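Chain by chain, the residues:
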Amino acid sequence: MIFIENAKVLQQKQLSPDFFRLDLAAPQIAAAGLAGQFVMVKTAPGYDPYLKRPFGISSFAGAGISLVYRLVGRGTKLMSELRSGDYLELTGPLGQPWQIKGVKKSLLVGGGTGIAPLVALAQVLKQQGAEIYICLGANDGPGLICREELAACGKVYLVTMDGSMGAKGLVTLILPGEIDFDGVYACGPKPMLAAVAAWAEKRDLPCQVSLEAHMGCGLGTCMGCVCPVKSRDGQAIYQRICREGPVFPAGEVIFHD
Amino acid sequence: MTEMEVKLGQLTLKNPLLTASGTFGYGREFAQLYDLSLLGGVVVKGTTLEPRPGNPPPRIAETAAGMLNSVGLQNPGLGQVIDQELPWLAQFDTAIFVNIAGRKAAEYQEIAACLDKVESVRALEVNISCPNVEAGGLAFGTDPKAAAAITAAVRDATSKPVFVKLSPNVTDIVPIAQAVEAAGADGITLVNTFLGLAIDIKTRRPLMANIVAGLSGPAIKPLALRLVWQTARAVRIPVIGIGGIMSGQDALEFMLAGARAVQIGTANFYNPLAGPQIIREMAGWLENEGVRDINEIVGEAL
């Protein structure tokens, strides 16, 4: 079920110079939503910006959801100006959630803004009693968002490009030596997803990745957000990130053209 | 209550609002948000004989008050549309139009002949205006002779009403509209998208994989309105107006310009509830103005 909700802003919190968290009252979306799903956000009234913006739901809390986002353009700038008591139109929950059934020992890998949607995942995995290992990468220390929420769910390992927090380099540098995970989850830039998918495939671990794209509708009708995936007969076909995704089995995604 | 029923030749719609091809899928997503039976009609996405993969991404870009798309007719092919999608959509009390596209006249004809046997299909919309495919599409829609030839081929293959969807990317719309009318079209839908381009300032290259793309959204409304007005003055067959309609007022402007019905496309992305909202706004405005029957205002501005 998809809902259109005029969500009340409960709190806007600036997490770093670039990152913000919006806590929103959205009872229908919060009740129906699952970790890994996203919402379309109408960032302003009027026709400019015209299209809604997709954001992964970072976490659920009662009748509310949180969106963690980075200032990248006009849409996110307008979102950052919202204050408690303002309203924001959301459409959701949309897309395929993470598959978590039966997972007992999980590895979560997040890069940049891709860290945000891992919070909801870590929370549900924790609820079902899974062991959780979390590897996070960002450009710099302030980019390592949601550390506290994630640390409350599992063991967190950090890496930054500039070495200002954790090890220096890419998140693939700190992927664990152990190989007995029954669920590997990755969200972040495409090269990171490709690297994690290759790492998991080599070790024969079930891996899911969450992709992102500019979207026209978020509902599955405009066909604007496709990515190439392997079909059952091995051929490359375009699937919608908003509908068949954003979470895909890593083995199906074609990362390189 | 103002009478909202409209007639497009032999075809009766409960109200003049249809959802446009390629912006509504097969209705499954929107059916989660409202009852599709509220709509005058649904135009099913551009359907080709064989499945089409569509163009490589990126396929869309936002523009001021609109968007560019270069999807390239991605669709599962006629067989799946007939077997899976149309039977599902047929549960709703709304007129199903199927938009059809091909690389040559024989393909259009074969699709039309297959759909002629599908009872739930009320009309065909012939796409000779897709700007995003290599063969066919726009090439047929910019030349009166080619447009007439495709129209005649489809006309021969079906007894269902045939609407031809025209491109705005022409010097003069009138000879093309008159050519498809003479070739046996029951009506004309216009406009498809305007050819546009987006450049990525970071890479200094065109943004879209397919380079050019079609512009839609409220940005194009005055351009579309002019073409609808010109066409409605030049042909006798019904015109369905489309291009940037976002509100009941926009829709009524197209009807005053001579459209007997309207389609909403990009508005479905901006506001998934746009369909029923625009119908309500149209009816409300007419009611306030004391208009008894919506057909009274059709073409008043011609």
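It should be emphasised that the depicted structure is a prediction, and the values quoted were computed from it without experimental measurement.

Here we take up the overall build of chain B. The helix and strand tally for chain B stands at nine helices and 16 strands. Whereas a compact globule of 302 residues would reach a radius of gyration of roughly 19 Å, chain B reaches 18 Å, a difference of no more than 12%. Taken along its principal axes, the extent of the C-alpha atoms in chain B is 55 × 45 × 40 Å. For chain B, the residues scored as buried account for 63% of the 302 residues in total. Put simply, 72% of the contacts in chain B that link residues at least 6 apart link residues at least 24 apart. By element, 51% of the accessible surface of chain B is carried by carbon and sulfur atoms, the whole surface being about 11,400 Å². For chain B, the separation between the mean place of its 24 positive charges and that of its 29 negative charges on side chains is 6 Å.

This brings us to the sheet that holds strand β16 (residues 261–264) of chain B. Residue and element names in this part refer to chain B. Strand order in the closed barrel formed by eight strands is β3-β4-β7-β8-β9-β10-β15-β16, and the pairing between neighbours is parallel. Averaged over all pairs of adjacent strands, the angle between their axes in this sheet comes to 25°, without regard to strand direction. One ladder, built from five bridges, connects strand β7 (residues 95–100) with strand β8 (residues 121–127); its direction is parallel. Across the sheet, the residue bridging to Ile-96 is Val-121, located in β8. Sheet contacts for helix α1 (residues 78–89): β4 (41–47), β7 and β8; angle to β4, the most-contacted strand, approximately 165°.

Attention now moves to the domain arrangement of chain A. Residue and element names in this part refer to chain A. Annotation of chain A at the domain level lists domain 1 (3–94) and domain 2 (105–252). On the domain 2 side, the residues contacting the 20 residues of domain 1 number 22 residues. Surface buried jointly by domain 1 and domain 2 totals about 1,500 Å² across both partners, of which 71% is contributed by carbon and sulfur atoms. Applying the counting criterion to the domain 1 and domain 2 interface returns one salt bridge. The closest approach of N and O atoms between Arg-21 and Glu-149, which form a salt bridge, is 3.6 Å. Applying the counting criterion to the domain 1 and domain 2 interface returns two residue pairs in polar contact (both at pLDDT 80 or more). Mapped by element, the contributors of at least two residues to the side of domain 1 that touches domain 2 are β2 (19–25), β3 (38–42), β5 (59–61), β6 (64–70) and β7 (87–94). Taken together, the residues of the side of domain 1 that touches domain 2 sort by class into twelve nonpolar, five polar and three charged.

Quick notes on the rules
- Residues numbered from 1 in each chain as written.
- Chains lettered and ligands numbered in written order.
- Predicted model: local features only at pLDDT ≥ 70, side-chain atom pairs only at ≥ 80, totals over all residues.
- Heavy atoms only, no water.
- Helix = DSSP H or I, 4+ residues; strand = E, 2+ residues; numbered from the N terminus.
- Rg over C-alpha atoms; globule rule 2.2 N^0.38 Å.
- Buried < 20%, exposed > 50% of the residue type's maximum accessible area, 1.4 Å probe, protein only.
- Contact = heavy atoms within 4.5 Å.
- Areas by Shrake-Rupley, 256 points an atom, 1.4 Å probe, with all protein chains shown as cover.
- Lys, Arg positive; Asp, Glu negative; His and termini not counted.
- Charge placed at Lys NZ, Arg CZ, Asp CG, Glu CD.
- Pairing = 2+ DSSP bridges.
- Axes fitted to C-alpha atoms, helices over the stretch in contact; angles between N-to-C directions.
- Domains from an automatic or database assignment.
- Buried area = accessible area lost by both parts, 1.4 Å probe.
- Salt bridge = Lys/Arg side-chain N within 4 Å of Asp/Glu carboxyl O.
- Polar contact = N/O pair within 3.5 Å; in protein donor to acceptor, adjacent residues only side chain to side chain.
- Nonpolar A, V, L, I, M, F, W, Y, C, P; charged D, E, K, R; others polar.

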